[in-house]
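Fold and geometry: a report
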Amino acid sequence: MHKPASTQAVTSLHDLSAVDLIAGFKAKQFSPSEVLEDVLTHVAAWEPHIKALYLFDPDGARAVAKASTERWHKGEATGALDGVPVTIKDNIATKGQPVPLGAASVKLVPATADAPPAARLREAGAIIFAKTTMPDYGMLSSGLSSFHPLTRNPWDLSKNPGGSSAGAGAAGAAGYGPLHLGTDIGGSVRLPSGWCGLVGLKPSLGRVPIDPSYVGRVAGPMTRIVDDAALMMSVLSKPDRRDGMSLPPDSLNWKALEKSPRKLRLGLMLDIGVGQSLEKPVREVALKAAKAFEQAGAVVTEIDGILTREMLDGLDDFWRARMWDDLEKLDPAERGKTLPYIYQWAEKATKLSGVDVIRGFNATMAIRAAAAKLFCDLDYVISPVSPVVNFGAELASPVHDPQKPFEHIGYTVPWNMSENPAISINGGYDSKGFPIGVQIVGRRFDDIGVLGMAKAFEGLRGPQRPWPSPPRK
């Protein structure tokens, strides 16, 4: 079995990786029903404290787990994830259930079909036992929402799990099973993964079919180990014609993650010149990661960031206009239910001209061009995920100012706009034991390579701290 990241032996079923669960099912060491019951018991201990779940359905999950248990008993497993517990973010549609997008202003209309990522997981036999929380319209890096209860970080309940895949990050850190699905348009998988100590992959745009699709928007796995992220990608990356931006089907070997850093050209991106200043503990963890790769034979060169103030402000204008377009369609009563922070941020779009918005969108193309030039001479880029170690659970963002909403996404958002794969992986901890993420970015379409580099880093970084335990009553 896979060796646990912690120095302590893993004994609880809820703490086992998906890779280990599948191995255990095959060996008849335990059943999907037994695993699910252990996960549900663990959820009961944690959920009153972190509020990570939406549409929690233990009885429905038990029925699915029972069917999976019977298949494994007969030696007739239906897919790569048969019997593995999974959570899915609120904004990924599941048939017959509403998609509130974390916002009280959204009407609760049941979805007519599973979105592509949910369909692929269900086809593979995964047990979808809950959806996870998110902030209004996914436009915050926070667990703050006008619809869901406030989601907190299991590592420190006074801190934010990040967002917009807030519940997914909290659920992963708390041990709600091994696999969690998030979405990312500016850092929404990687930021909560970084603040929650997880592995979070933002695939190349179109690698995972998604509906609705949009510029820079992807779905990706949030797990505790790299092998589980790769296993999840082997399912999520299967084709679906509903996504007009998806990549052509490709026979990628998601198990081929062995990769040596030797002689690879790595850029270390620290001070990017825009947004929040890099906090010392974050800098130290990123430098330590770069040094580990260098000692393994990589050629590491410190490089400048590619994001400018003009680019970041342009994205801000473009996204404000996009958000206001959605809010303006609502009647005043519905619009008034929006989180005030989001409303104040979006309302500024009423003062933007059409030219302002087009200039904002053109920032995406400028970022794309800058990233392409950067990777002419580099194989991978190493950077922090966030400039800050953490921030308060009740805040909408680290700066908490709707007029400066994106000062913390300078390390993550460029790779959405440029379509490059990027992964967050825990690189270390601050003096209080709070996790700090490191980001590894690769060339467009090199998703396997990015996972391989993260897998190599798992072996280079040394032992990790134990995962947090539920607070005592």
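First, a word on scope: everything that follows refers to the structure included in this document. (Residues numbered from 1 in each chain as written. Predicted model: local features only at pLDDT ≥ 70, side-chain atom pairs only at ≥ 80, totals over all residues. Heavy atoms only, no water.)

Right, let's talk about the environment of Asp 430 for a bit. Secondary-structure assignment places Asp 430 in the loop between strand E10 (422–429) and strand E11 (435–442). The spatial distance from the C-alpha of Asp 430 to the C-alpha of Pro 332 is 45 Å, given a sequence separation of 98 residues. Each residue touching Asp 430, except ones within four places of it in the same chain, is listed here: Pro 281, Val 389, Ile 436 and Arg 465. Reaching out from Asp 430, the side chain makes a polar contact with the backbone nitrogen of Phe 434 at a distance of 2.8 Å. (Helix = DSSP H or I, 4+ residues; strand = E, 2+ residues; numbered from the N terminus. Contact = heavy atoms within 4.5 Å. Polar contact = N/O pair within 3.5 Å; in protein donor to acceptor, adjacent residues only side chain to side chain.)

Most often, soluble globular proteins keep nonpolar side chains buried together rather than apart. Counting 143 residues, the largest nonpolar core has Leu 121, Tyr 176 and Trp 319 as the members making the most contacts within it. The element best represented in this core is helix H9 (residues 309–328), accounting for 9 residues. Non-local contacts of Tyr 176, meaning those with residues more than four positions away in its chain, are made with Val 39, His 42, Val 43, Trp 46, Glu 47, Ile 50, Ala 52, Leu 53, Phe 129 and Ala 171. (Core = buried A, V, L, I, M, F, W, Y, C linked by side-chain atoms within 4.5 Å. Buried < 20%, exposed > 50% of the residue type's maximum accessible area, 1.4 Å probe, protein only.)

The subject of this paragraph is the pattern of salt bridges. Taken as a whole, this structure holds 22 salt bridges when the rule is applied. For Asp 227, the salt bridge goes to Lys 455, with nearest N and O atoms at 2.8 Å. Of this pair, Asp 227 sits in helix H7 (residues 226–236) while Lys 455 sits in helix H14 (residues 447–460), and the two are 228 residues apart along the sequence. Each member of the pair Asp 227 and Lys 455 is classed as buried. Two residues, Arg 444 and Glu 419, come together in a salt bridge whose shortest N-O distance is 3.1 Å. (Salt bridge = Lys/Arg side-chain N within 4 Å of Asp/Glu carboxyl O.)

A few words on the packing of helix H4 (residues 116–123) against H7. Remark: H4 packs on H7, axes separated minimally by 8 Å, with the N-to-C direction vectors making an angle of 105 degrees. Taken together, the axes of H4 and H7 lie roughly perpendicular to each other. Judged by residue contacts, Pro 117, Arg 120 and Leu 121 of H4 engage Met 232, Val 235 and Leu 236 from H7. When grouped by side-chain class, the residues that make up the contact of H4 with H7 number 5 nonpolar, no polar and 1 charged. (Axes fitted to C-alpha atoms, helices over the stretch in contact; angles between N-to-C directions. Parallel < 35°, antiparallel > 145°, perpendicular 65-115°, else oblique. Nonpolar A, V, L, I, M, F, W, Y, C, P; charged D, E, K, R; others polar.)

Let us now look at the pairing of strand E6 (residues 218–223). With 6 of 6 residues buried, E6 is to be regarded as a mostly interior element. Where strand E4 (residues 179–184) and E6 come together, 5 bridges link them in antiparallel fashion. Bridging from a neighbouring strand, Asp 184 pairs with Val 218 of E6. Bridge count between strand E5 (residues 199–202) and E6: 2 bridges; the pairing is antiparallel. Its bridge partner lying in E6, Val 199 is registered against Thr 223. (Pairing = 2+ DSSP bridges.)

Another point: unusual backbone geometry. With omega at 10 degrees, the peptide bond leading from Gly 163 into Ser 164 counts as cis. Along the chain, the position of Ser 164 falls in the loop between strand E3 (127–132) and helix H5 (166–174). With a phi close to 55 degrees, Leu 101 is a non-glycine residue in the positive phi region. Mapped onto the elements, Leu 101 comes out in the loop between strand E2 (85–89) and H4. Phi at Lys 263 is positive, roughly 70 degrees, even though this residue is not glycine. Looking at the element boundaries, Lys 263 is found in the loop between H7 and strand E7 (265–269).

Before going further, it helps to spend a moment on the side chain of Glu 407. Within the secondary structure layout, Glu 407 lies in the loop between strand E9 (380–384) and helix H13 (413–418). Of note is the side chain of Glu 407, whose polar atom sits 2.7 Å from the side chain of Arg 309. With near-sequence residues (within four places) excluded, Glu 407 lies in contact with Gly 275, Gln 276, Arg 309, Leu 312 and Val 399.

A few words on H7. In terms of burial, H7 is a largely internal element, 10 of the 11 residues being buried. Looking only at H7, the buried set comprises Val 226, Asp 227, Asp 228, Ala 229, Ala 230, Leu 231, Met 232, Met 233, Val 235 and Leu 236.

As a further point, take the environment of Trp 195. With respect to the helices and strands, the residue Trp 195 is situated in helix H6 (residues 190–196). On the basis of relative accessibility, which here comes to 2%, the residue Trp 195 falls in the buried class. Spatially, the C-alpha atoms of Trp 195 and Ala 173 are 9.5 Å apart, while their sequence positions differ by 22 residues.

The full count for this structure, using the stated rule, is 13 aromatic pairs. Their ring planes at 85 degrees and their centres at 5.5 Å tell us that Tyr 54 and Phe 147 sit as a pair that is edge-to-face. Residue Tyr 54 is found in strand E1 (residues 53–54), and its partner Phe 147 is found in the loop between E3 and H5; the two are separated by 93 residues along the sequence. Through successive ring pairs, a cluster of aromatic residues spans Phe 25, Phe 30 and Trp 72. Between the NZ or CZ atom of Arg 224 and the centre of the ring of Trp 467, over which it lies, the distance is 4.1 Å. The ring of Tyr 429 has Arg 465 sitting right over it, with the charged end atom 5.1 Å from the ring centre. (Phe/Tyr/Trp six-rings, centres within 6.5 Å; stacked < 30°, edge-to-face > 60°. Lys NZ or Arg CZ within 6 Å of the ring centre and 35° of its normal.)

Buried residues dominate E2, accounting for 5 of its 5 residues. On E2, burial covers both faces: Pro 85, Thr 87 and Lys 89 on one face and Val 86 and Ile 88 on the other are all buried. Where E2 and E3 come together, 5 bridges link them in parallel fashion. The partner of Pro 85 across the bridge, within E3, is Ile 127. Viewed along the sheet, the connection from E2 through H4 into E3 turns out right-handed. When E2 meets E4, the two strands line up parallel, connected through 3 bridges. For Ile 88, the partnering residue across the bridge sits in E4 and is Leu 181. (Right-handed = clockwise from strand over helix to strand, strands pointing away.)

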